[in-house]
Amino acid sequence: KAGVTQTPRYLIKTRGQQVTLSCSPISGHRSVSWYQQTPGQGLQFLFEYFSETQRNKGNFPGRFSGRQFSNSRSEMNVSTLELGDSALYLCASSLGRGGIGDTQYFGPGTRLTVL
Amino acid sequence: DQQVKQNSPSLSVQEGRISILNCDYTNSMFDYFLWYKKYPAEGPTFLISISSIKDKNEDGRFTVFLNKSAKHLSLHIVPSQPGDSAVYFCAASGEGNKLVFGAGTILRVKS
């Protein structure tokens, strides 16, 4: 079974621009979660989508948004990029039952650099 | 507010010996705990998990122990191999699918 895929793997943008990242979950998985990893803050939860609806949200500003399509693929958008948005963005998929046993499997990540 | 803590930034172990990585948590609502292994610029790889109704789970060389009263879990790797060298993250979930991660422990296995 193919794993979680993310595109693009690397991205360079300038301040003020916007960016869209894409994630394809493991076949049969209906939940997609997004995380940001930075040296200072570690791995932090952004949001989770299940059945095309945002089910959980972390403590990030409204510039960070996402959506999920009917085939469970998900996109994450960051508008008005800031230097501090430079990070590794990780997507994880799970069956979506929630709670005990709903293991999340991660993709390789997208490395975003904001200049 | 760090709800999941990995107090050892790094650990160095000789090949063939046991590696013990520790993790503490503060939120009593957490009911599912996971360990992930990560290389730089790659996504975390799932290793092993444990639910709050168990105190031990084994998978090959990996064993996770959970002490609910102490809010403490540990990952044992026996025997340690050079290929185990990576960053290990402890993660916990309670409500929904939000994972809360520790800061990670760098494991170096020396041959």
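Each remark here, short or long, concerns the structure printed above.
Here is what the cut-offs are and how they apply
- Along each chain, the written sequence defines residue order, and numbers are assigned to residues from 1.
- All chains are assigned letters beginning at A, and all ligands numbers beginning at 1, according to the order in which they are written.
- Local features in a predicted model are, by the rule used here, given only for residues with pLDDT of at least 70; side-chain atom pairs are given and counted only at 80 or more, and totals for whole chains, interfaces and linings are based on all residues.
- Only hydrogens and water are set aside when side-chain values are computed; all heavy atoms of the structure are taken into account.
- The secondary structure listing takes helices from DSSP runs of H or I that are at least 4 residues long and strands from runs of E that are at least 2 residues long, numbered from the N terminus.
- It is over C-alpha atoms that the radius of gyration is taken, and the globule rule equals 2.2 Å times the number of residues to the power 0.38.
- When checking whether two residues touch, look at their non-hydrogen atoms; a contact exists if any pair is within 4.5 Å.
- To be clear on the numbers: accessible area is Shrake-Rupley with a 1.4 Å probe, and residue cover counts the displayed protein chains and nothing else.
- Neither His nor the chain ends contribute to the count of charged residues, in which Lys and Arg are positive and Asp and Glu negative.
- Note on charges: their place is set at NZ of Lys, CZ of Arg, CG of Asp or CD of Glu.
- Under the scheme applied here, a residue whose accessible area is under 20% of the maximum for its type counts as buried, over 50% as exposed, and between as partly exposed, the area being computed with a 1.4 Å probe on protein chains only.
- Strands qualify as paired when DSSP identifies two bridges or more between them.
- Axis definition: a line fitted to C-alpha atoms, over the contacting stretch in the case of helices. Angles run 0 to 180 degrees between N-to-C directions.
- Whenever a nitrogen or oxygen atom comes within 3.5 Å of another N or O atom, the pair is scored as a polar contact, on the condition that within protein one atom can donate a hydrogen and the other can accept it, and that pairs from neighbouring residues in sequence are kept only if both atoms are in side chains.
- Definition used in this section: a nonpolar core is a set of buried Ala, Val, Leu, Ile, Met, Phe, Trp, Tyr and Cys residues joined via side-chain atoms within 4.5 Å.
- The term salt bridge refers to a side-chain nitrogen of Lys or Arg lying within 4 Å of a carboxyl oxygen of Asp or Glu.

*Asks:* Hey, could you run me through the overall build of chain B in this one?
*Replies:* Summing up its helical and strand segments, chain B has zero helices and eleven strands in all. Taken against the 2.2 N^0.38 rule, which gives 13 Å for 111 residues, the C-alpha radius of gyration of chain B at 13 Å falls within 12% of a compact globule. Seen through its C-alpha atoms, chain B measures out along the principal axes to roughly 40 × 30 × 20 Å. Of the contacts formed within chain B by residues at least 6 apart in sequence, a portion of 53% connects residues at least 24 apart. Accessible area of chain B: about 5,300 Å², with a carbon and sulfur share of 47%. If you average the places of the 12 positive and of the 10 negative side-chain charges in chain B, the two averages end up 4 Å apart.

*Asks:* Please explain the overall build of chain A as it appears in this structure.
*Replies:* Looking only at helices and strands, chain A has zero helices and eleven strands in total. Each helix and strand of chain A, ordered N terminal to C terminal, gives the series β-β-β-β-β-β-β-β-β-β-β. Judged by the C-alpha coordinates and their principal axes, chain A covers about 40 × 25 × 25 Å. Residue burial in chain A is summarised as follows: out of 115 residues, 51% are buried.

*Asks:* Would you mind going over the sheet that holds strand β1 (residues 5–7) of chain A with me for this structure?
*Replies:* Note: strands within a sheet are paired through backbone hydrogen bonds, in either parallel or antiparallel orientation. Residue and element names in this part refer to chain A. Strand order in the open sheet made by the four strands is β1-β3-β8-β7, with antiparallel pairing throughout. Edge positions in the sheet fall to β1 and β7 (64–68), since each of these pairs with one other strand and no more. Each neighbouring strand pair of the sheet contributes to a mean axis angle of 20°, computed without reference to strand direction. Where β1 meets strand β3 (residues 19–24), three bridges bridge the pair, whose relative direction is antiparallel.

*Asks:* Help me understand the side chain of serine 74 of chain B, please; the structure alone is not making it clear to me.
*Replies:* Residue and element names in this part refer to chain B. Note that serine 74 resides in strand β8 (residues 72–77). Within the local environment of serine 74, its side chain forms a polar contact with the side chain of histidine 76, the two groups lying 3.5 Å apart. Leaving out residues up to four positions away in the same chain, serine 74 has contacts with Ile20, Leu21, Asn22, Trp35, Thr63, Val64 and Phe65.

*Asks:* Help me understand the nonpolar core in this model?
*Replies:* What tends to happen in soluble globular proteins is that the nonpolar side chains get buried as a cluster. The biggest cluster of nonpolar side chains holds 24 residues, and the ones touching the most others in it are Val4, Phe33, Trp35, Leu73, Leu75 and Tyr88 of chain B. Grouped together as the second largest cluster of nonpolar side chains are 21 residues, Ile26, Phe64, Cys91 and Val114 of chain A included.

*Asks:* I would appreciate a short explanation of the sheet that holds strand β7 (residues 62–67) of chain B in the present structure.
*Replies:* Residue and element names in this part refer to chain B. If you walk across this open sheet you meet the five strands as β1-β3-β8-β7-β6, and the pairing is antiparallel. With partners counted over all chains shown, the strands left at the sheet margins are β1 (4–5) and β6 (56–59), one partner each. Sheet analysis places β7 next to β8, joined by six bridges and oriented antiparallel. Bridged to valine 64 within β8 is leucine 75.

*Asks:* How should the pattern of salt bridges be read in this particular structure?
*Replies:* Where side chains of opposite charge bring their charged atoms close, a pairing between them can arise. Residue and element names in this part refer to chain A. Following the criterion strictly, the structure yields seven salt bridges over all chains and no others. Put simply, arginine 67 and glutamate 75 hold a salt bridge, and the shortest N to O gap is 3.2 Å. The exposure class of arginine 67 is partly exposed, given its relative accessible area of 46%. Owing to a relative accessible area of 16%, glutamate 75 belongs among the buried residues under this scheme. Where glutamate 75 meets arginine 73, a salt bridge forms, and the shortest distance between an N and an O atom there is 3.5 Å.

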